[in-house]
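Examination of the molecular architecture
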Amino acid sequence: MSHHHSPREEIQPPGVGASITELLAGLSYRIAQQGEAGDETIIAGVTCDSRAAAEGMVFVALPGTVTDGHCHVWDAGLRGCAAIIVQKGAEWKLIAEWPGCVVEVDDCREAYARVAENYFGRPAERLQLVGITGTNGKTTITYLLEDALTHIGYRVGVIGTVNYRYGSDGGKVVLPSPFTTPEAMQLQKLLFEMVQAGVELVIMEVSSHALAQQRIGNVRYDVAAFTNLSRDHLDYHQTMDEYFQAKRILFADHLKDTGKAVISTPQQPEGDTDWSKKMADSCRESSIQLTLCGKDEQADIRLIEYVSTLNDTRLRFRAGGSDYSLTTPLVGHFNMDNLLTAFGILSALGLDPAKTIEPLSHSAGAPGRLQRVQADDGTGQAGPVVFVDYAHTPDALKQVLATLAALPHRELYCIFGCGGDRDAGKRPVMGSFAATFADVVVVTDDNPRTEDPDRIRSQIVPGIIKAGLLEKDVNWLAGREIGERGFVAIAGRSEAIARGVRSAGSGDIVLIAGKGHEKYQLSLAGKRFFDDCLEAQCALLAWNLEAVARATGGRLVAPSQAQRVLGEVSTDSRTIHAGDIFVPLKGEKFDGHAFLSTVAEKGAGCLVVEKSSTFVPPENIARVEVDDTLRALGDLARFRRRLVATMQDQVVIGITGSCGKTTVKEMTAAILKRRWPAGPDYPEGAVLYTKGNLNNLIGMPLSLLPITPRQRAAVLEMGMNAPGEIHAMALSAEPDICCITNVHGVHLAGLHDLDGVAKAKGELFAAAKDSALLVVNLDDERIRVLADGIQRKKITFATVDSGADMYASEIEAEPGGVITFLLHRGNETVQIHLYTVGLHNVTNAVTAAAIGAAAGATLAEIAAGLADFRPGDRRMVQLQTATGLGVLNDTYNANPASMEAGLKTLAQMGGKRTAALLGDMLELGDSSVAAHHQLGRQAAELGVDFLGVVGSFKDKIASGALEYGMLPDRVRLFEEKAAAAAWIESLQESGELTAGDWLLVKASRGLRMETIVERLTGNT
């Protein structure tokens, strides 16, 4: 359930505590079993689902298409129901000693609807009600009416396909809609809540299923409208006439005595039967006051003319002897039908046309109903015009295609599929219509449900071929000539939309049909998030030559044969795909410009080269000339970040620091995956985050470039070797949240001292945009000083209660590699479980928690995310040798602070003996000698039993250990890593290191100490 605003405090329905007699008011019934209280039995609630049955409730046994509620009477009795309503003639069983009352009725569906009404105090009697039925157009009309009535001043409720929504004092309440028309108890509960919220008028889409199943009970409407009737739901209704009769129930049985009917006479009636005329004749026979809308001469609201462009429609119509005109953003003849029907309903409600014309002209209609999808690619150039539409019936698809075909355009694309577990007969028919109207057809998956999607697509194809289109290879789309017609079949809907939209150009129309407003896809894998509009936006944001030139400020040299729409940005000639953008970088050992010919042979679409490059690409490859390709890479990332930010509410997070930034990044990503979990509500990959060590001036832009409107968050790690690098990365990423984990003696070769490190790391705070939020570590004095000098919103954290917004207490390291602590945020606390070793990870976890909170995560989401976290590659990973010796693989990298943390973790592991194989900490500059001597001292003071050292500073580590008390025979220096590994193996063979003991292996990445771990354990 999603609320824009929470509804007012829940008020008890009047039926709580009522007797079964009061709930059955208006029905004829027989008490089949008196029970203890008979018809005076007091009822606590009502249900038709035995699984929801509880003490004191009444269970109504509904006959169903899948299961019969009478089979579950026994279960309802066991669950303590006070009364059970059964249908006359049905078979059912109850436990002998059950004390409740059994009521027998002629029709359980009618009884359930009537009981629901009485339970909620017949709320419909206090509302004006509009009911709309018909195959197509219902949803658009509800949105048109809602916009017009809200503009006039009504407080409106809507019950329909997209959602259930209503105005309240606190704003709009929006609830998900499992059914177009909800089942009886949910319907009456909704109407009751709407009355409580002050709603005056409710607009309902009334489905044929709901009418046939008597879901709306005794509800009576002020106005009922009929849009049209075409083939749909024949898996349920069997015949078109049966389908029509279900629709007719709305007018025959559910109009108030003063109620009015509004009937649309569509401009292009489907088939031979004029269903609108049949419905109008039926209303006349019943003396119902009637308004006809359409193009016919006898229509009460008559369309005179309309002219549609790709952007809007101008229409004129006559009503009540007056002529009216309006301009609407809606296009297509069926939307003119919808507008006239909406105008007719508003007139039937007694509203002055002078008040309704303006809001109708501004209404954009319903989401997913011929909805225009737009995305600014940053170039200002026109791309294809993309529409998303819910058309999932042959008639709806035919109508929408005919509408679009009539608009001025170059070529028409249709991307669609058919739903599973539905009328299979319409599949080839829809294929035929697609092929008749469209130049290019892409057949893909819709909602396969429990059917094989390949089989569904194969049933569509014969209709396409019969209509004259030939099947093509999927790559035909990208290279086809204008005017070349055909179709392709692509299984994945996301890929189908991407390929279809990207192959279309300026002047083309692309229709994505079938799912419309739906934000999900149903298959055997379950319900997962999927949004046609979002997929179309991602496709429209594909890189093109103009965007690359604009992003980099470079000079575009584009031969006429060059492809305009491009693939991904890459700096690696080995992984280039056809159409990709290659950015050659200059390094110490290689210059990417040397690989331009290789990249050209692989079919790259665009080369971003430095002006000095002499390489002349083939005639079909464009180039963009820039001053500096490394800067151009950052510029491309910033351009993409800014574009996507205008389309999706995203949070970009920048994390730097001397230690722990990779772990904090991984923990933050785990938290945000709980905030935006992949599933029914969010897409896969809603959280983008730095992979591996892509955290420098090259890696950070490459980590950010994949961002699309699908992402809700991007977590970017920022490392550096020299001043100015963090500043450059911050300018590219423009983070919304900035965090410096800590400041320690790292990269001192380039930064000289700790103040230099602080200044370089502080570039992240200094470059923060005005709206950015700083996450500040109060445990680190230098970070506190950095933050104090910058006026931005801040959230603070610490590992102890020192006045920070978030802090930890009751920290415990449990056996088996679990750390627990209490996380505090204001007056709230939550228990945290970390499945890793090393108490330094508590600081990392509190840091990530503060970042998560800044991004909107709840404490529950933070706790769940931190429990999901597992150490990354070669970061305190717990392994074992064949003899059971525990190995802490922390070979990812090293600096003085992380070395100290690693040795402390080793001491906490609880083994009888401990060993450490340590190597150099690189890039410490003038402090290297002192830092390695201090490392040896720490090993001695923390009680390491065996110390092996390798690397250029091994003698310094050894001297520190010996000076502070380690025995000479326990400290060994090795020229080769293999010899160090062999020493540990010998200690195991001699029994000096046994099962339960622990070994720490750690050094800077350059020493590749993981080879020792691999030899000892078989793993890295």
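Cut-offs and rules
- Residues numbered from 1 in each chain as written.
- Predicted model: local features only at pLDDT ≥ 70, side-chain atom pairs only at ≥ 80, totals over all residues.
- Heavy atoms only, no water.
- UniProt positions renumbered as here; feature names shortened; annotations may be inferred.
- Helix = DSSP H or I, 4+ residues; strand = E, 2+ residues; numbered from the N terminus.
- Buried < 20%, exposed > 50% of the residue type's maximum accessible area, 1.4 Å probe, protein only.
- Contact = heavy atoms within 4.5 Å.
- Areas by Shrake-Rupley, 256 points an atom, 1.4 Å probe, with all protein chains shown as cover.
- Lys, Arg positive; Asp, Glu negative; His and termini not counted.
- Charge placed at Lys NZ, Arg CZ, Asp CG, Glu CD.
- Phe/Tyr/Trp six-rings, centres within 6.5 Å; stacked < 30°, edge-to-face > 60°.
- Lys NZ or Arg CZ within 6 Å of the ring centre and 35° of its normal.
- Salt bridge = Lys/Arg side-chain N within 4 Å of Asp/Glu carboxyl O.
- Domains from an automatic or database assignment.
- Axes fitted to C-alpha atoms, helices over the stretch in contact; angles between N-to-C directions.
- Left-handed = near helix turned anticlockwise from the far one by under 90°.
- Nonpolar A, V, L, I, M, F, W, Y, C, P; charged D, E, K, R; others polar.
- Parallel < 35°, antiparallel > 145°, perpendicular 65-115°, else oblique.
- Expected span 1.5 Å × (residues − 1).
- Polar contact = N/O pair within 3.5 Å; in protein donor to acceptor, adjacent residues only side chain to side chain.
- Pairing = 2+ DSSP bridges.

An unreviewed UniProt entry lists the protein under the name Multifunctional fusion protein, from Desulfopila aestuarii DSM 18488. Per UniProt, the protein has the following entry under Cofactor (unreviewed entry): "Mg(2+)". In its Pathway (unreviewed entry) section, the UniProt record describing the protein reads: "Cell wall biogenesis; peptidoglycan biosynthesis."

A count of helices and strands for the protein gives 34 helices and 44 strands. Along the first, second and third principal axes, the C-alpha atoms of the protein reach 110 × 85 × 55 Å. Within the protein, the proportion of its 1020 residues that are buried is 57%. Considering only contacts within the protein whose residues lie at least 6 apart along the sequence, 67% involve residues at least 24 apart. Taken as a whole, the protein presents about 40,900 Å² of accessible surface, with 48% of it coming from carbon and sulfur. Side chains of the protein carry 99 positive and 125 negative charges; the gap between the two charge centres is 3 Å.

One pass over the structure, following the stated rule, counts 10 aromatic pairs. Taking 5.8 Å as the distance between ring centres and 25° as the angle between the ring planes, the aromatic pair formed by Trp543 and Phe639 counts as stacked. You can see Trp543 sitting in the loop between helix 17 (532-540) and helix 18 (545-552) and its partner Phe639 sitting in helix 20 (residues 629-645), a full 96 residues away along the chain. The two residues Trp543 and Phe639 agree in class, both being buried. Taken together through their ring pairs, the aromatic side chains of Tyr119, Phe120 and Phe192 make up a single cluster. Over the aromatic face of Phe179 sits the side chain of Arg215, whose NZ or CZ is 5.2 Å from the ring centroid. Sitting over the face of the ring of Tyr520, Lys527 holds its NZ or CZ atom 4.6 Å from the ring centroid.

Moving on to the pattern of salt bridges. Taken as a whole, this structure holds 50 salt bridges when the rule is applied. Measuring nitrogen to oxygen at the nearest pair gives 2.4 Å for the salt bridge that ties Arg457 to Asp454. Of this pair, Arg457 and Asp454 both sit in helix 14 (residues 453-466), separated by three residues, roughly a single helical turn. Residue classification places Asp454 among the partly exposed residues on the basis of a relative accessible area of 45%. In this structure, the salt-bridge partner of Glu1010 is Arg1008, at a minimum N-O distance of 3.5 Å. Residue Glu1010 is classed as buried on the basis of its relative accessible area of 11%. Several salt bridges share partner residues, and in doing so they unite Glu146, Arg165 and Lys172 into one network.

This paragraph deals with the domain arrangement of the protein. As assigned here, the protein comprises domain 1 (18-119), domain 2 (124-362), domain 3 (371-541), domain 4 (562-615), domain 5 (634-868) and domain 6 (877-1017). A C-alpha centroid distance of 73 Å is found between domain 1 and domain 4.

Another point: the environment of Phe192. Here Phe192 is to be found in helix 5 (residues 184-196). Given the relative accessible area of 5%, Phe192 is considered buried. Those residues in contact with Phe192 that sit more than four places away from it in its chain are Ile11, Gln12, Pro13, Pro14, Phe120 and Pro123.

As a packed pair, helix 33 (residues 977-989) and helix 34 (residues 1010-1017) sit with axes 9 Å apart at the nearest point and diverge in direction by 35°. The crossing of helix 33 and helix 34 is right-handed. From helix 33, Lys977, Ala978, Ala980, Ala981, Ala982, Ile984, Glu985 and Gln988 reach across to helix 34, where they touch Thr1011, Ile1012, Arg1015 and Leu1016. Partitioning the contact of helix 33 with helix 34 into residue classes produces seven nonpolar, two polar and three charged.

For Asp421, which is not glycine, the phi torsion reads 55° and is therefore positive. Along the chain, the position of Asp421 falls in the loop between strand 19 (412-416) and helix 13 (426-437). The exposure class assigned to Asp421 is partly exposed, which follows from its relative accessible area of 33%. The residue Arg1008 is not glycine, and still its phi comes out positive at about 50°.

Once that is clear, we can look at the packing of helix 3 (residues 108-119) against helix 5. Look at helix 3 against helix 5: their axes get within 8 Å of each other, and the N-to-C directions meet at 25°. Considering their axes alone, helix 3 and helix 5 lie roughly parallel with respect to each other. Where helix 3 crosses over helix 5, the two elements pack in a sense that is right-handed. Here helix 3 contributes Tyr112, Ala113, Ala116, Glu117 and Tyr119 to the contact with helix 5, which in turn contributes Ala184, Met185 and Gln188.

This brings us to helix 3. Along its 12 residues, helix 3 runs 16 Å from first to last C-alpha, staying within 8% of the 16 Å computed at 1.5 Å per residue. The buried count for helix 3 comes to 10 of 12 residues, which makes it a mostly enclosed element. Buried within helix 3 are the following residues: Cys108, Ala111, Tyr112, Ala113, Arg114, Val115, Ala116, Glu117, Asn118 and Tyr119. Buried-residue contacts for helix 3 involve helix 1 (20-23), strand 2 (45-47), strand 3 (57-60), strand 4 (83-87), strand 5 (101-105) and helix 5. With a side-chain oxygen lying 2.9 Å from the backbone nitrogen of Arg109, the N-terminal cap of helix 3 falls on Asp107.

This brings us to the sheet that holds strand 43 (residues 971-974). In space, the six strands of this open sheet follow the order 39-40-44-41-42-43, with mixed pairing throughout. Edge strands, defined here as strands with exactly one partner in the open sheet, are strand 39 (877-880) and strand 43. On average, each strand axis in the sheet is tilted by 20° relative to the strand beside it, whichever way the strands run. Two elements, strand 41 (residues 914-918) and strand 42 (residues 946-950), share four bridges in a ladder whose sense is parallel. Looking across to strand 42, one finds that Ala915 is bridged to Phe946. Along the sheet, helix 30 (residues 896-908) contacts strand 40 (886-889), strand 41 and strand 44 (998-1002); its crossing angle with strand 44, the most-contacted strand, is approximately 170°.

Turning to the UniProt feature "binding site: meso-2,6-diaminopimelate" (unreviewed entry) in the protein, a few remarks are in order. Under the UniProt annotation, the feature "binding site: meso-2,6-diaminopimelate" (unreviewed entry) is placed at Arg422, Asp446, Asn447, Pro448, Arg449, Gly514 and Glu518. For Pro448, a relative accessible area of 5% gives the class buried. Once residues lying within four places of it in the same chain are set aside, the contact partners of Pro448 are Gly420, Asp421, Pro453, Ile456, Gln521, Leu522 and Ser523. Relative to the elements of secondary structure, Arg449 occurs in the loop between strand 20 (440-443) and helix 14. Once residues within four sequence positions are removed from consideration, Arg449 is found in contact with Gly419, Gly420, Asp421, Arg422, Leu522, Ser523 and Leu524. Of note is the side chain of Arg449, whose polar atom sits 3.1 Å from the backbone oxygen of Gly420.

With respect to the helices, strands and loops of the structure, Asp635 is situated in helix 20. Note on Asp635: relative accessible area 14%, which makes it buried. Sequence-distant contacts of Asp635, that is, excluding residues within four places in its chain, are made with Ala551 and Thr552.

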